[in-house]
Amino acid sequence: MANEEIARIFYEIADLLDLEGVRFKPEAYRRAARTLEQLPSEVRTLKDPQAIRALPGIGEALSLKIEEYRETGKVPYLDRLREKWPPGLLEIMRLEGVGPKTTRRFHQELGIADLAGLKAALEAGQLDHLAGFKARKVELLRRALSQAGTVGLPSGGGRRIPLPEAQRMADELMAAFRASGVPVDRLVYAGSLRRRREDVGDLDLLATTRGDPRSVMEAFLHLPPVREVRLSGETKTTVVLDGGLQVDLRVVAPEAFGAAWQYFTGSKDHNIRLRTLAQQKGWKINEYGLSRGEERTAAPTEEAVYAAVGFPWIPPEIRENQGEFEAALEGASPGRSSLGTSGGSSTSMPPPPSGRGTSTPGSGRPGARSSGTWGSSSGPRTWPRARSGWRGSAGACRGWWEGSGSSSRWRPPSAAQRRGRGRSGPGPTCGSPGREGPGGPCPRPLARGSAGPGPICSSTPRMDPSRRRV
DNA sequence: TAGACCACGCATGGTG
DNA sequence: CACCATGCGTG
DNA sequence: GTCTA
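Residues numbered from 1 in each chain as written. Chains lettered and ligands numbered in written order. Predicted model: local features only at pLDDT ≥ 70, side-chain atom pairs only at ≥ 80, totals over all residues. Heavy atoms only, no water.

K.L.:
So what about the packing of aromatic side chains? Which residues, and what values?
P.N.:
Here a ring pair, both rings aromatic, is described through the centre-centre distance and the interplanar angle of the planes. Taken as a whole and assessed by the stated rule, the structure comprises 7 aromatic pairs. With a centroid separation of 5.5 Å and 80° between ring planes, the pair formed by Phe 10 and Tyr 29 is classed as edge-to-face. Of this pair, Phe 10 sits in helix α1 (residues 3–20) while Tyr 29 sits in helix α2 (residues 25–38), placing them 19 residues apart in sequence. A relative accessible area of 1% means that Phe 10 is categorised as buried. Ring geometry for Tyr 263 against Phe 264: centres 5.8 Å apart, planes inclined by 10°, an arrangement best described as stacked. Residue classification places Phe 264 among the buried residues on the basis of a relative accessible area of 11%. Taken together, the ring pairs connect Phe 10, Tyr 29 and Tyr 77 into an aromatic cluster. Here the guanidinium or amino end of Lys 65 rests over the ring plane of Tyr 77, the centre of that ring lying 4.8 Å away. The side chain of Arg 186 reaches across the aromatic face of Phe 257, ending 3.9 Å from its centre. (Phe/Tyr/Trp six-rings, centres within 6.5 Å; stacked < 30°, edge-to-face > 60°. Helix = DSSP H or I, 4+ residues; strand = E, 2+ residues; numbered from the N terminus. Buried < 20%, exposed > 50% of the residue type's maximum accessible area, 1.4 Å probe, protein only. Lys NZ or Arg CZ within 6 Å of the ring centre and 35° of its normal.)

K.L.:
Outline the packing of α1 against helix α5 (residues 76–84), listing residues and values.
P.N.:
Put simply, α1 and α5 touch, their axes get as near as 10 Å, and they point 40° apart. The angle between α1 and α5 places the two elements in the oblique class. Here α1 runs over α5; the crossing is left-handed. Only Tyr 77, Leu 78, Leu 81, Arg 82 and Lys 84 of α5 make contact with α1, whose side of the interface consists of Ile 9, Glu 12, Ile 13, Leu 16, Leu 17 and Glu 20. Of the residues that constitute the contact of α1 with α5, the class distribution is 7 nonpolar, no polar and 4 charged. (Axes fitted to C-alpha atoms, helices over the stretch in contact; angles between N-to-C directions. Parallel < 35°, antiparallel > 145°, perpendicular 65-115°, else oblique. Left-handed = near helix turned anticlockwise from the far one by under 90°. Contact = heavy atoms within 4.5 Å. Nonpolar A, V, L, I, M, F, W, Y, C, P; charged D, E, K, R; others polar.)

K.L.:
Tell me about the domain arrangement of chain A, and name the residues and values.
P.N.:
Domain assignment breaks chain A into domain 1 (1–84), domain 2 (87–150), domain 3 (161–252) and domain 4 (261–330). Listed as interface residues are 7 residues of domain 1 and, on the opposing side, 7 residues of domain 2. Taking both partners together, domain 1 and domain 2 bury about 580 Å²; carbon and sulfur atoms supply 70% of that area. Between domain 1 and domain 2 we count 0 salt bridges in total. Inspection of the region where domain 1 meets domain 2 yields 2 residue pairs in polar contact (both at pLDDT 80 or more). Among the residues making up the side of domain 1 that touches domain 2, the classes are represented as 2 nonpolar, 1 polar and 4 charged. (Domains from an automatic or database assignment. Buried area = accessible area lost by both parts, 1.4 Å probe. Salt bridge = Lys/Arg side-chain N within 4 Å of Asp/Glu carboxyl O. Polar contact = N/O pair within 3.5 Å; in protein donor to acceptor, adjacent residues only side chain to side chain.)

K.L.:
Could you give an account of the packing of α1 against helix α4 (residues 60–72), naming the residues involved and the relevant values?
P.N.:
In contact at an axis separation of 11 Å, α1 and α4 are set at 125° when each is read in the N-to-C sense. By the criterion of interaxial angle, the relationship of α1 to α4 is oblique. Viewed along their axes, α1 and α4 form a crossing whose handedness is right-handed. Of the residues in α4, those in contact with Glu 5, Ile 6, Ile 9 and Phe 10 of α1 are Leu 62, Lys 65, Ile 66 and Tyr 69. Residue classes in the contact of α1 with α4 are distributed as 6 nonpolar, no polar and 2 charged.

Spelled out as structure tokens, the structure:
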């Protein structure tokens, strides 16, 4: 019995609980599901209940359910939930841009129970009478629906690609991006690719610039392989490539590079843990740096982020909240050693051989190496020294600086800028059919090969069916 | 056993 | 028009 | 739901 199986069950329970509007539980189930998925493949099948109970995010109740499933092949709790909701609702909820709230409204207010019903209601114009649903949203829904039919759930969406392939695509994309001549200072990849997961669901790129991030976004949107623009703002843009791969780009000021890279690399659970730990020390961490009250500390390096919370730099490969924090403390405190023990793995420890050096600290730019020796598989690794007392420039690291040197001027991303976005900005998503967004036409309108009467920018694979995140 | 449960960006629609 | 809340999404 | 104070 594969852990994946249980993970899927937990994901489904989470979705159903979401439908019910339950708070916190859904995330708890997903957290547990992610933990199960990440167990080292050699241990795909766990035997000792106690060991399971010790895994992060899995407590009394969930370990019992696991045990239950193992012995009876069933999880009654899930069955009960399933009885309460038409199965079609889950399909609806997986539509792009449609979440639990919207799904429940469809069901409760319009009696919609599945995709077919939704489509019918859409064509009958029933959605127009739904509060909060105006032309724009209806159009987006129409798009999502048309895609669900074609590329839909089965294999089209949610496909994860093997690391090597993802690496190639990232390299190519970054090269093309650079070649476009944008004024990006640093350009690196993050996410599960940087964590060297076996396969990745999307690409995460991070760039820094001292100039106007909008011009960076603009250039990105027009890269050749970009098929569709899902959303695009001043600091964050999401596109879909021709192959169906989603790529997220974030742009921050150089001063925030470390914080942003850390955040964007994840994993989610690692980030939450780190931020929670920071919280306990009175710090707040976000992708722009650290803050404590009015006090603000930028974070040009990842080290600075970890150091603020009292940790050495942690290699991306083990950032899964699977014991790396505990291990880091042991390694850092004189006297003890041995990682292992805690809960799961911490196995995949030794980073890839420095061979293609790109991966770890440098990610494509070895010069960015922010740490000492973490290579050579042998011996107790030397955790990079945590530099404490590091202080960055004051002021939030959001927005960007105009000009440079002492004359540089801080420009927060304000409403004024959004207004000014007028003709030159990226503009919202892809304009609705008939019109173009303020930012001009979508790159590659009418994607080639997009089956069906696709609205602009159509044909996009969907997320993983189980809504699992990278 | 009570209480907390990360932190944020973008798009949309509603309000004044 | 500016502003805010909401929903969905990212790690 | 889990976890911690």
